[in-house]
Amino acid sequence: MSTDLALSYGTLDTQASTAGIESQAGVTMAMFELNWASFEPRPGVVSASYLATMRSYLQAYQTAGQRVTLGLGLQNPPSWVFSLPGSRYVDQNGDVSSEADFVFSQAVRSAAEQYLSLVAAALPLTDFWAIRLTSGGDGEMLYPPGGTYWAFAAPALTGTGLAAGMAPNPYPNWRPGQPGLRPAQIDRWVNWYVGGLANVTTWQMQQNLSDTETTAVGAVWDRYYGMLGAATNVMAYISSVADRSGDDDCGQATDTLMPLTCDEMDSWSATRWITRVARCRGLAVGGENPGYGLPDSLNGHYTNPSAAGMMASALRQARSCGFTVFYWAHDVHLWDGTIPFTQYAAMIADVPAPDLGRTT
């Protein structure tokens, strides 16, 4: 079992078949991820077979004694959602995203509200330790990738069909990268754009579910968390633990004494930086490492069993930054020969791994 009583350990896409073994080894958290398209293939209709399967997984985790985090699966909407008005993001070049637009489209949010009410009726929310919130269209709290800005669909530009609580684009005729706005106006536009993610977060929390390219996807975390207001029972979740940013440096006790404008923070890892932002807002912190192949350039780091590898580095960062929970991404790779579960169990217990060359 883990020697760190303040930190809980889990896996992403936890497999029901190995939940008991993992729990006995100190992996006491499971991530239970729904798929909206599979759950509600037609408006208002729940797939009985899919629900039965998911209930069996949930029961397996609970029988194993694991606490369960619910992933809502909004990033996998059924095809009928894309027939709704303003259902897709549009960027400044007129390109249309494949993701559903939860930030600006009220029609998409209304469909999601119906889905979430069906989830709450079918799966008692008291069965879950936490609920993971994303931006909806993306599996993280981000806009679509690509380095462009996704704020130019009709609802965002005109206000017609705009999601409740959102204001229209304050400068609808301006496009990022073009002249025409003063620095203060650009700052206002960025706050509006990042504020869309804060708005979609608040919207999800109100559904009775819970008591550069960086700027383009909305990952301006100091602004984002500052816009959430006085949020209770909210955890800042870092999905890039041990991604080699900042040489996978660890959090320090003095980090909270440094102002967020300090240039020294530019060299910090994503984990250390987001932890610092979260702490000044009084938020708990948790997270996960990048999954295998996400991206391929980190695969050698992922499979490295040494103290310099991703797993050891991720656990160092989680412990030094005072995480509440850490999830290894992904469970399947602890059992398919990519990296052995015995290594994860040994690192949790802080003892030498018995045989790093094979799985058990």
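Counting restarts for each chain: residues are numbered from 1 in the order of the written sequence. Local features in this predicted model are restricted to residues whose pLDDT is 70 or higher, and side-chain atom pairs enter the listing and the counts only when it is 80 or higher, whereas totals over whole chains, interfaces and linings include all residues. The basis for every side-chain value is the complete set of heavy atoms in the structure, and neither hydrogens nor water enter the calculation.

## Here's the deal with the pairing of strand S3 (residues 67-71)
Then comes step 1: Within S3, 4 of the 5 residues are buried, which leaves the element mostly enclosed by the surrounding structure.
Then comes step 2: For two strands to count as paired, DSSP must find a minimum of two bridges between them. Elements are defined by DSSP. Helices are runs of H or I of four residues or more, strands are runs of E of two residues or more, and each kind is numbered from the N terminus. Pairing geometry for strand S2 (residues 27-33) and S3, over 5 bridges, is parallel. Paired with Phe-32 across the bridge in S3 is Leu-70.
Then comes step 3: Of the pairings in the sheet, the one linking S3 to strand S6 (residues 130-132) comprises 3 bridges and is parallel in character. Looking at the pairing, Gly-71 lines up with Arg-132 of S6. The cut-offs for exposure are 20% and 50% of the maximum accessible area for each residue type, with area from a 1.4 Å probe on protein chains only; residues under the lower value are buried, those over the upper are exposed, and the others partly exposed.

## So, the pattern of salt bridges
Then comes step 1: Here, a salt bridge means any Lys or Arg side-chain nitrogen found within 4 Å of an Asp or Glu carboxyl oxygen. Per the counting criterion, the structure on display carries 4 salt bridges.
Then comes step 2: Among the ionic pairs, Arg-132 bridges to Glu-140, the shortest N-O distance being 3.3 Å.
Then comes step 3: Glu-140 gets classed as partly exposed once you look at its relative accessible area, which sits at 24%.
Then comes step 4: Between Asp-249 and Arg-272 there is a salt bridge, and its shortest N-O distance comes to 3.1 Å. Taken together, the positions of Asp-249 in the loop between strand S7 (235-238) and helix H9 (270-279) and Arg-272 in helix H9 put the pair 23 residues apart, joining distant regions of the chain.
Then comes step 5: A relative accessible area of 11% places Arg-272 in the buried class.

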